[in-house]
Amino acid sequence: MLATVAAELCGILSDSARVITAPAVVDRLSHDFYWYSPILRPQLADKVGDIAVQPVTVEEVLAVLRFAGKREIPVTVRGAGTGNYGQCVPLQGGIVLDLSLMDKLEDITPDGVAVCEPGLRLAVLETEARKKGWELRMYPSTLAKASVGGFLAGSVMHGGLRDFDNVRAFEVVTMEQEPRVVLHEGAAVHEILHAWGTNGVLTRIWFALAPAVEWTQLTAAFDTFQQAFEFTRTVAVGAEWTKRLATVFEWPIPSYFTPIRQVVRAQKSLALIMIATAQAEALRAAAEAAGGEVTFSGAFTGPRTQPLLSDYTWNHTTLWAMKADPALTYLQCGFSPDNCEEQFALLRARYGDEFLFHIEFMKNGNGVVIPGALPIVRFTTEERLNDMIAYCRSIEVFVANPHVNYLEDGGRFRADNIQLLAKQKYDPRGLLNPGKMISFRKEIVSR
């Protein structure tokens, strides 16, 4: 059966080398960083596709989906594989559609919109955009590896992917009886955004950029988490500061960052901020006035900057923590901008050092800067982890559960069900990444 499928796919793609059956390679292309979760690790470790294909054109994507649809073969889309929920892990085998070779930057328009294919790496886009006076609006820790199509992050200045027209438009290939290319513009992009490739395959993206700024990386150590948090929040919410990243870690999280131990001070919380270079000296003075010690200040010169301090932010923080102690994992939270200190205190009283604060400030769709968070938590049992999640929600801390492998509880599912409606429309047989949208019910076709 596999040999027959491979032979037919070789006839569809212009180069048979892009039809992959080698078990080790298919296994690698079938997984992402799901192993950050001690719950997902045993669930997904043995899940693997039957075959992988690497299209290079929209026409090839259409042909592969047409082929798979006629034979009712599941298709799981893969970007760069930097996700943490097992988004690209095929639960029912089938074809892994690897879009990494569709990586062209077609254009950067005069008004700062990148027109690109989904496999374009963010670092390449950042580098090329800066040559023309633009840069990424959002700055993830996966800058060096993530692809545009698979990108998920937020920004202290420009919000998340759903906000402020950050994604202007895209073309998506459907899994209908006869696959087609559908252009989504404006509000229509929300049908497809953050749906893990369950309701269409992105093949062309119009991605808004921001005017380039000369940035400086700065770290400051504080005696207490409260001091570090207050200082970082002041910078994050202050309209007078031009910032790209505003992060704070309580001790002992900074101790996990062994390659940059020179910026860490024992027993102290750490603030990490990317600030406009023109304001770097003013930020240094503000940090010192707030009781901090500036432990590093240096220019950001692009994705190859050394040290690249963003490598220790967002979910890279979790990676460094797990390297130091495999019993650690994480949650994805959003605290109240108005009473987060009360929420912090309740969590500390209930969980002690099982719950360590790592805050990433970002602007939400209403223009409010909020303390987003990827707290480091100690895993003991699934019941204890679920208790943490339930308690967070009971005190109105938003949680996108990173320990489930479906959209509905992972924090990316829209309350208006627009993604589900899109799946029913564009993939009625449920062949795209099956099992990841559990509210979907497969169309029953009378024969």
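Structure shown above.
Figured I'd write up the structure that's included with this text.

What counts and how
- Think of each chain on its own: its residues are numbered from 1, step by step along the sequence as written.
- Selection of residues for local features in this predicted model requires a pLDDT of at least 70, selection of side-chain atom pairs for listing and counting requires 80 or more, and totals for whole chains, interfaces and linings are taken over all residues.
- For side-chain calculations, the full set of non-hydrogen atoms in the structure is used, while hydrogens and water are omitted.
- Numbering of helices and strands starts at the N terminus; helices are DSSP runs of H or I of at least 4 residues and strands are runs of E of at least 2.
- Surface accessibility follows the Shrake-Rupley procedure with a 1.4 Å probe radius. Residue values consider only the protein chains on display as shielding.
- Neither His nor the chain termini are counted; the positive set is Lys and Arg, and the negative set is Asp and Glu.
- The atoms used to mark charge sites are NZ of Lys, CZ of Arg, CG of Asp and CD of Glu.
- Only centres within 6.5 Å qualify two rings of Phe, Tyr or Trp (six-membered ring in Trp) as a pair; their planes then separate them into stacked at under 30 degrees, edge-to-face at over 60, and tilted for everything else.
- Comment: the charge-over-ring label is applied if NZ (Lys) or CZ (Arg) is within 6 Å of the ring centre and within 35 degrees of the ring normal.
- Pairing between strands is defined by DSSP: at least two bridges between the two strands are required.
- To obtain an axis, a line is fitted to C-alpha atoms, over the contacting stretch when the element is a helix, and the angle between two such axes runs from 0 to 180 degrees between their N-to-C directions.
- Two kinds of site are reported from a 1 Å grid over the protein atoms alone, namely cavities, where a 1.4 Å probe fits but cannot get out, and pockets, open sets with protein on both sides within 12 Å along at least five of seven lines, and residues are called lining when an atom falls within 4 Å of a point.
- Grid points are joined across faces, edges and corners, and a volume is the space filled by probe spheres set on the points.
- Three categories are distinguished: nonpolar for Ala, Val, Leu, Ile, Met, Phe, Trp, Tyr, Cys and Pro, charged for Asp, Glu, Lys and Arg, and polar for the others, with Gly belonging to the last.
- Remark: nonpolar core denotes a set of buried residues (Ala, Val, Leu, Ile, Met, Phe, Trp, Tyr, Cys) joined through side-chain atoms within 4.5 Å.
- Burial classes follow relative accessibility: with a 1.4 Å probe on protein chains only, a residue under 20% of its type's maximum area counts as buried, one over 50% as exposed, and anything between as partly exposed.
- Reported orientations rely on four angle classes, namely roughly parallel under 35 degrees, roughly antiparallel over 145, roughly perpendicular from 65 to 115, and oblique for the rest.
- Each crossing gets its handedness from the near helix: less than a right angle anticlockwise from the far helix is left-handed, clockwise is right-handed.
- Throughout, a contact is declared for two residues whenever any of their heavy atoms are within 4.5 Å.
- It is the directions from the helix axis to the C-beta atoms that the arc portrays.

1. Some details on the overall build of the protein chain
Okay, so step 1: Along the protein chain, the regular secondary structure elements total 11 helices and 21 strands.
Okay, so step 2: A principal-axis box enclosing the C-alpha atoms of the protein chain has dimensions of 70 × 50 × 40 Å.
Okay, so step 3: Taken as a whole, the protein chain presents about 17,600 Å² of accessible surface, with 52% of it coming from carbon and sulfur.
Okay, so step 4: Here the protein chain carries 43 positive and 50 negative side-chain charges, and the mean point of each set is 3 Å from the other.

2. Overview of the packing of aromatic side chains
Aromatic ring pairs are reported here in terms of the distance separating the ring centres and the angle at which the planes meet.
Okay, so step 1: Within the structure shown, the criterion is met by 21 aromatic pairs.
Okay, so step 2: Grouping aromatic residues by their ring pairs yields a cluster made of F225, F229, F335, F344, Y351, F355, F357, F361 and Y391.
Okay, so step 3: The side chain of K323 reaches across the aromatic face of W320, ending 4.3 Å from its centre.
Okay, so step 4: Its end group placed over the ring of Y391, R350 keeps NZ or CZ at 4.3 Å from the ring centre.

3. Focus on the sheet that holds strand β16 (residues 332–334)
Okay, so step 1: Within the open sheet, the 8 strands sit side by side as β14-β11-β13-β12-β18-β19-β16-β21. Their pairing is antiparallel. Each edge of the open sheet carries a strand with a single partner, namely β14 (293–300) and β21 (398–400). Across the sheet, the mean angle separating the axes of adjacent strands is 20° when strand polarity is ignored.

4. Observations concerning the layout of surface pockets
Okay, so step 1: Computed from the structure, the second largest pocket encloses a volume of approximately 160 Å³.
Okay, so step 2: Lining of the second largest pocket is provided by 15 residues; of these, Q92, R429, G430, L431 and P434 occupy positions nearest its centre.
Okay, so step 3: Residues that form the lining of the second largest pocket fall into these classes: 6 nonpolar, 4 polar and 5 charged.

5. Here we look at the sheet that holds strand β20 (residues 376–378)
Okay, so step 1: Reading across the sheet, the 3 strands line up as β15-β20-β17 and stay open at both edges, with antiparallel pairing between neighbours. Each of the sheet's edge strands pairs with one partner strand only, and the pair in question is β15 (328–330) and β17 (355–356).
Okay, so step 2: In terms of strand pairing, β17 meets β20 through 2 bridges, oriented antiparallel. Among the inter-strand pairings, F355 is bridged to a residue of β20, identified as V377.

6. Section: the nonpolar core
Okay, so step 1: Core analysis: the biggest nonpolar cluster contains 59 residues, and L125, V148, F170, F207, L209, Y256 and F257 have the highest contact counts within it.
Okay, so step 2: Counting 42 residues, the second largest nonpolar core, distinct from the first, contains L218, F222, C340 and F355.

7. Considering the pairing of strand β5 (residues 105–108)
Okay, so step 1: Bridge analysis of β5 against strand β6 (residues 113–116) gives 3 bridges, and the strand direction is antiparallel. Among the inter-strand pairings, D107 is bridged to a residue of β6, identified as V115.
Okay, so step 2: Here β5 folds back onto β6, and the loop between the two strands holds 4 residues, one of which, G112, carries a positive phi near 85°.

8. Description of the pairing of strand β18 (residues 358–363)
Okay, so step 1: In terms of burial, β18 is a largely internal element, 5 of the 6 residues being buried.
Okay, so step 2: Note: β18 against strand β19 (residues 369–373), 5 bridges, orientation antiparallel. Of the residues in β19, the one forming a bridge with F361 is P371.
Okay, so step 3: Between β18 and β19, which pair antiparallel in sequence order, lie 5 residues; one of them, G367, sits at a positive phi of approximately 85°.

9. Brief notes about the packing of helix α6 (residues 225–237) against helix α9 (residues 340–351)
Okay, so step 1: Packing of α6 against α9 leaves a shortest axis separation of 13 Å and a crossing angle of 150°. Classed by the angle they form, the pair α6 and α9 counts as roughly antiparallel. Remark: the crossing between α6 and α9 carries right-handed chirality. On α9, the residues that touch F225, Q226, F229, E230 and R233 of α6 are C340, E341 and F344.
Okay, so step 2: Looking at the contact of α6 with α9, its residues break down into 4 nonpolar, 1 polar and 3 charged.

10. Let's talk about helix α5 (residues 122–131)
Okay, so step 1: Among all positions of α5, only L122, A123, L125, E126 and A129 are buried. Viewed end-on, α5 has its buried residues packed into an arc of 160°, placing them on one side of the element.
Okay, so step 2: Against β5, β6, β7 (134–136), β10 (201–211), β12 (243–249) and β14 lie the buried residues of α5.
Okay, so step 3: Positioned one or two residues after α5, G133 has a phi angle of 85°, which is positive.

11. Describing the packing of α9 against helix α10 (residues 382–394)
Okay, so step 1: Orientation of α9 relative to α10, taken along the N-to-C sense of each, is 155°, at an axis distance of 11 Å. Classed by the angle they form, the pair α9 and α10 counts as roughly antiparallel. Considering only the axes of α9 and α10, their crossing is right-handed. Taken together, the residues of α10 that come into contact with α9 (itself represented by L346, L347, R350 and Y351) are R384, D387, M388, Y391 and C392.
Okay, so step 2: Its residues placed into classes, the contact of α9 with α10 shows 6 nonpolar, no polar and 3 charged.

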